[in-house]
Structure formats: structure tokens, C-alpha cells
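# Geometric and topological summary
Below are the chains, spelled out letter by letter.
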2 protein chains.
Amino acid sequence: MKKFINLPENCENEMIQGLVKAFPGYVKKLDCGNVIVRSEKKRNKVALISGGGSGHEPAHAGYVGTGMLDCAVPGAVFTSPTPDQIYEGIKAIATPEGVLMIIKNYTGDIMNFEMAQEMAEMDDIKVAGVVVDDDVAVQNSTWTTGRRGVAGTIFVHKIAGAMAETGASLEEVERVAKETIANVRTMGVALTPCTVPAAGTPGFSIGEDELEMGIGIHGEPGVNRQKMKPVNEIIDELLDHILADLDFAGSEVAVMLNSSGGTPLMELYIAYDHLADVLAENNVKVYRSYVGEYMTSLEMQGLSVTLLRLNDERKALLNAAADTIAFKEFGGRS
Amino acid sequence: MKKFINLPENCENEMIQGLVKAFPGYVKKLDCGNVIVRSEKKRNKVALISGGGSGHEPAHAGYVGTGMLDCAVPGAVFTSPTPDQIYEGIKAIATPEGVLMIIKNYTGDIMNFEMAQEMAEMDDIKVAGVVVDDDVAVQNSTWTTGRRGVAGTIFVHKIAGAMAETGASLEEVERVAKETIANVRTMGVALTPCTVPAAGTPGFSIGEDELEMGIGIHGEPGVNRQKMKPVNEIIDELLDHILADLDFAGSEVAVMLNSSGGTPLMELYIAYDHLADVLAENNVKVYRSYVGEYMTSLEMQGLSVTLLRLNDERKALLNAAADTIAFKEFGGRS
């Protein structure tokens, strides 16, 4: 394991400390633990909380700020945050309008967010939750019943966050989040594994001439192991799965081409070149593209494709201003 | 070589095509070759052009847009753009106010930008150029006489770009660019090499327990090869060199902690945690931080630290609005 770290057991704490030191204008950490909230609490709106294991940076602390989240709770690497941690986050951001939890579909995450919700409700905090399960690769997985929640979660942060910023009710923010989830699909692929610092060895092994199609963001197995092939064929296969799962033809979409952490931008742009062509051939109209690191898996060399079907409401909310560490949108574009 | 590519010889063209397809609102490509300009030409201001070999994405095409560059000319991977390519770029963006070339200090880049300048001047285009040489690691290098130009170049884009946007004269934009160069220092380190697609094998070899201190952005040798050590000690050593080179004590600075492409955000934040402490111990006041991929070396696992000494003028220009693919600044912050 060759990483820019100190002691493996300190990675999560040092990372959170570094994040907060680098961006004090955006975020602060609660004294009680690794709970990241906006540097200034926003009132008079529904508050949004998300979280999950660390190792997916900039998810989710990078999305705390204007127009997106109010709180992110990072667990240990690839490990759910604890109910206490989530509960402290909910308490810190709660407003009379209520709190919406955006949960990726992993069994541990759901259990712990739901326990935190129960604790908060005993304090008379109004809480609702939505579960993102955008990964079309597999039904059920190492840590999931049903589909996994992956990069499409960022679109849920953006759209629900923008809705909350308008002063909409908890019911309305929950509705738009659920509609976003119903219209977003993702699938990923990896060429290399990644190494959890505390483990010290790669999560799986893969040949120099192999790829894992449909990989999960923790390195969970995908649909199959294949021989390496040109990226155009990889993109074809990802889109085959995604387009077969939901009818995107004739729709406007937001596209996210996400790096798993170790994939350089050059390769993402090369992949995008063909991705754009295949979408056009399938009569899918790209409204806006996002290319970069949004939901990573440590240093994994991999990528994922996310398509979000848009309507006028989701388009307007996607365009609304956002100012966070990792996602900035000026707002007001056509 | 395991990369998300098609044919190695098509990487540069497919990357540029993908970039332009992904972000048509920001950039377009000239028909004559790989010359990237703003999607709408900005008039009544000095125009800025930069460029260099590909493989450093998002540099420089990711910085084309409001408040930064008007044109980027990417060469083949780690290869200078041609004089013709640069000349076409200059012609495309030229305004009566003139054109400023921002050149990283590599012998080939300087030669080709200067030839392009001569060609443009024969067309009566007013052209000036500045050379960025921020890397404190070594004097002279594989492709450089003097110091190498690296991540500090992004601050020159930002500050000179903001100055140009105010309508300042070419002389004024050149002055502020030169003052930025005089006040910016960088040094990098790498744990792994990177592979130029057309070469197919890594640029150098390094042991599993070794790091290269002071590496260049093309994998050029640094100050020495060392045994791996904790990131805190690595940061200490980088700052020792930078702080010995220019007196930052008592100054406000902008800090850039840059990934070489393969380094995950988690490791950058861990590094930042200690970086912030060491700067504070040395009475260097951090005004603004930038943590992420700004000037990469393909998939290299490495990082660099850049410090820019600020004055009121540079602070205001750093804060001015910018809207590019890879660098967004809302403007108007304190």
C-alpha cells in the first residue's frame, strides 16, 4: 500500500480535519464527532442530510453548502456512519420545516439512518428519508438488498437541495427527491481495485488484461469479469444496460461521467467523445454534462455513467445556484 | 498499460472532441486543429492564450472561459503545441487590445510560442508573453533551462484573466501576470510514474517503498529518490524547500494542493491537515485554498503544493468571478 497518509487508523479524522481547515467558509465539524455542517446554519428551509462510508470523496461533505446539503456524516472508510453520528447531524441542522435524509441503498446505512430518525423524532424533529438505488448493474450485492446507491445520489442532492432552498415544504422536497431517484440510472466499471487504508491490501484482485463490468463503489462484484477492451466498447456496454432499464429515448438528460478516483480526466473525455455519439444515436438529448470526480472509490481506476431524465421542474432545479466545495453552479443558465 | 482509451494514437483528438461535446457552452474547437477557444469570442479586452503538452488536464482547456483564458492549445501528450497551432489560436482570439501568451517554462514551449508570436506580429497583432517558472525543485531539467513551470500557472491564468476582464491594457495585464509569477512557488512529489499512451510503458520505474521528491509534471527527475514516509514528513519537506525559496512569513497566501491525477481527494485532505498547521507555525496566513486536480500528469499518484503570496490587487483579482469548466469562482467574496 503506497498512499499519502500517516497512520491508517487516523485517515478519516485527519481527512475531515483537513477538509474543514481548507474550506472554513463552507463547512465546519461538530465537536461531538465527524459530522460536517454548513459553516453558517441556514434557517427557514427544509434541512438536508446525507452520508455514508468515507472513501467516496468529494461525497458527501463536498456537497454541503448553498443549494445542496446542510450536513454530511462520513463513517469510517466504506463503513456506515453510526446512528449517534447521524442523530447529532440531524439535531444540528433541524429546522421547524423538517429534515430530509438522502440515503444510498446499503443495508447498514438504511438501518443507521432509520435509527437516527427515530431518535430525532423523539425530540419532535420532523424527519423524512429517501433511498437512492440508481445502480442498474445488479440486484442485491455484498452490502445491499436491492440495487446499490451510487453517483446518481449527487443529482438527488442537487435537485432536492435546490427545492429546499426555495422554502418548499418537507413533503415537496421529498417528492422531488423521489422523482429524481425514479428517473436516474447509473452503471460503473473498474480496471483496478482500491485499498482500504486500515486493511492494507486491495479489496479484490484482477488481471492486467481484465476489467470488472458493473462494479460497486466499494469494489463489490459487478455483472461479470471481462477481457480488457477499447473504451468505446465499454461505454457501449454500460449504455446498453442503462438504456434497457429506463426509456430515455426522446428525453432530455443530465449526464454524469464520474471517475472512481484514479482515472485521469483525459480518459474521461475520451470516453465522453463516444458516449455523446451513442446517446445521440439513441435519440437521448444531452441537456448538461458533468465530467469528473463526484463519487469515488479511493484510488480505484474506474468510471461510471449516470443518466438523469429531466422535466421542466428538474431542469430548473438543476440550474439553480449552488455553492459547495465540489459542486458550483452559477444559476440562471438556459 | 491499462487505460480507458481506444487507439493510443487517437487519444489527443478523441479527448479534445469529448471535451468540446461535453461543454459546448464553454468551449469550441477550431476546424484547423486542436485549438480550443471560448464558445463565444470576448471582445474589448486583452485575450489570453496558454497551452502545452496534453496529459495535464484540466490544464489548460479547462480554464478557457469567463475571467481566465480565451484559448488553449494542447499538443500531443507531454509534447509542445506547434507554432502553427499557437498562431491559429492567437489569430482566432486577437483583439485590438492585444494577446498575452502564458507559457510554462519548457524549452520547446517557449520556442514554439515565440515563433507563433513572430508570425502573429507580422499580421500586426500585438502580442506579449510571460513565462511561468514556479517549480523550486531543480534548476534546469530534462526539457527545461531554468526552473520548470507547473501548477502555479493556474494562478497566473486566474489573476491575469481577471485583470484582462476589467478592460486593462496589455501592459497592465502583463505586469500583473509577471508579479504573480514572481510571487508563486511550487514543489511536487510522486509515488508512481505515469504512462504516455503512445509509449505504452511507464516513464520511469520506482520501488514499492520509494518516492520521488521534487518530480516534474512529465515525470522528470526531482531532487532525490527516497524511502516512503508519512505524508506529514513529505509535506514538511516540500514546505522546507518552498519557504526557503521565498519569504512568505507574515504574508497572506493562496494555497493550491494539487493532485497529479491518480491521488484521491482523501489523501489530499489528509495532506492539507498538516500543511495548514505548518503554514500557521511559520506565520503564513492562508487566505484561500484550492484542493483537487488542477495540473495533472496523466494517472500519476503524486501531489504538489503551491503558495502564492498575495497583495490587495492579487487578492481582488483572485476573487473576481470566473466561469470555466474546471475553475469556478462566484466573485465578490471577502
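Predicted model, so just to flag it, every value in this text is computed and none were measured.

With that settled, the discussion passes to helix α2 (residues 83–93) of chain A. Residues of α2(A) that are buried include every one of A:P83, A:Q85, A:I86, A:Y87, A:G89, A:I90 and A:I93, and no others. Close packing links the buried residues of α2(A) with β2 (36–38), β3 (47–54), β5 (71–77), β6 (99–104), α3 (107–122) and β7 (127–132) of chain A.

Moving on, we come to the relation of the copies chain A and chain B. Once turned by 180 degrees and shifted 0.0 Å along the axis, chain A lies on chain B with an RMSD of 0.0 Å. Such a combination of turn and shift is consistent with a two-fold rotation axis. Within chain A, the C-alpha atom positioned nearest to the axis of rotation is that of A:G262, 2.2 Å from it. An overlap of 100% is found between the interface residues of chain A and their copies at the interface of chain B, pointing to a shared contact surface.

What follows is about the nonpolar core. Among the nonpolar cores identified, the biggest contains 102 residues, and A:L303, A:V305 and B:L100 are the most heavily contacted of them. For this core, the element with the highest residue contribution is helix α7 (residues 265–281) of chain A, accounting for eleven residues. When neighbours within four sequence positions are excluded, A:V305 is seen to be in contact with A:R185, A:T186, A:M187, A:I235, A:L238, A:L239, A:I242, A:M256, A:L257 and A:L275. In this structure, A:L19, A:A177, B:V138 and B:L246 belong to the second largest nonpolar core, which totals 101 residues.

With that out of the way, let us pick up the sheet that holds β3(A). Think of a sheet as strands paired side by side through backbone hydrogen bonds, with each pair either parallel or antiparallel. Residue and element names in this part refer to chain A. Taking strand neighbours across the sheet as the criterion, the six strands line up as β1-β2-β5-β3-β6-β7 in an open arrangement whose pairing is mixed. The open sheet has two edge strands with one neighbour each: β1 (27–29) and β7. Mean inter-strand twist for the sheet, computed between neighbouring axes without regard to direction, equals 25 degrees. Summarising the sheet, β1 and β2 pair through three bridges and their orientation is antiparallel. Considered in β2, the bridge of K28 is made with V37. Docked against the sheet, helix α5 (residues 170–182) engages β3, β6 and β7, running at close to 5 degrees with respect to β7.

A few words now on the interface of chain A and chain B. At the junction of the two partners, chain A supplies 59 residues and chain B supplies 59 residues. Surface buried jointly by chain A and chain B totals about 5300 Å² across both partners, of which 64% is contributed by carbon and sulfur atoms. Of all residues in chain A, A:K2, A:F4 and A:M266 give up the largest surface area on contact with chain B, accounting jointly for 20% of the area buried on that side. Our count for the chain A to chain B interface comes out at six salt bridges. For B:E267, the salt bridge identified is with A:K3, shortest N-O distance 3.9 Å. For the side of chain A that touches chain B, the elements supplying multiple residues, two or more each, are α1 (11–22), α6 (231–245), α7, β12 (285–292), β13 (302–309), β14 (322–324) and β15 (328–329) of chain A. It is α7(A) that contributes the most residues to the side of chain A that touches chain B, nine residues altogether. The class makeup of the residues in the side of chain A that touches chain B is 30 nonpolar, 13 polar and 16 charged.

All names here are of chain A. For strand β11 (residues 252–259), a buried count of seven out of eight residues is recorded, marking the element as mostly surrounded by other parts of the structure. With α7 bridging β11 and the parallel β12, this β-α-β connection has right-handed handedness. Alignment of β11 against β13, held across seven bridges, turns out to be antiparallel. Across the sheet, V253 pairs through a bridge with R309, a residue of β13.

Counted according to the given criterion, the structure contains eleven aromatic pairs over all chains. Judged by centre distance (6.4 Å) and plane angle (90 degrees), the ring pair of B:Y290 and B:Y294 falls under edge-to-face. For B:Y294, a relative accessible area of 12% corresponds to the buried category. Each member of the aromatic cluster is reached from another via a ring pair, and the members are A:F155, A:Y290, A:Y294 and A:F327. It is A:K315 that lies over the ring of A:Y287; its NZ or CZ is 4.9 Å from the centre.

With that settled, consider the sheet that holds strand β4 (residues 65–66) of chain A. What the three strands build is an open sheet, ordered β4-β14-β15 (chain A); its pairing is antiparallel. Taken across any chain shown, the strands that pair with only one partner, and hence form the sheet edges, are β4 and β15 of chain A.

Scoring rules and cut-offs
Residues numbered from 1 in each chain as written. Chains lettered and ligands numbered in written order. Predicted model: local features only at pLDDT ≥ 70, side-chain atom pairs only at ≥ 80, totals over all residues. Heavy atoms only, no water. Buried < 20%, exposed > 50% of the residue type's maximum accessible area, 1.4 Å probe, protein only. Helix = DSSP H or I, 4+ residues; strand = E, 2+ residues; numbered from the N terminus. Contact = heavy atoms within 4.5 Å. Least-squares fit on C-alpha atoms with pLDDT ≥ 70 in both. Core = buried A, V, L, I, M, F, W, Y, C linked by side-chain atoms within 4.5 Å. Pairing = 2+ DSSP bridges. Axes fitted to C-alpha atoms, helices over the stretch in contact; angles between N-to-C directions. Buried area = accessible area lost by both parts, 1.4 Å probe. Salt bridge = Lys/Arg side-chain N within 4 Å of Asp/Glu carboxyl O. Nonpolar A, V, L, I, M, F, W, Y, C, P; charged D, E, K, R; others polar. Right-handed = clockwise from strand over helix to strand, strands pointing away. Phe/Tyr/Trp six-rings, centres within 6.5 Å; stacked < 30°, edge-to-face > 60°. Lys NZ or Arg CZ within 6 Å of the ring centre and 35° of its normal.

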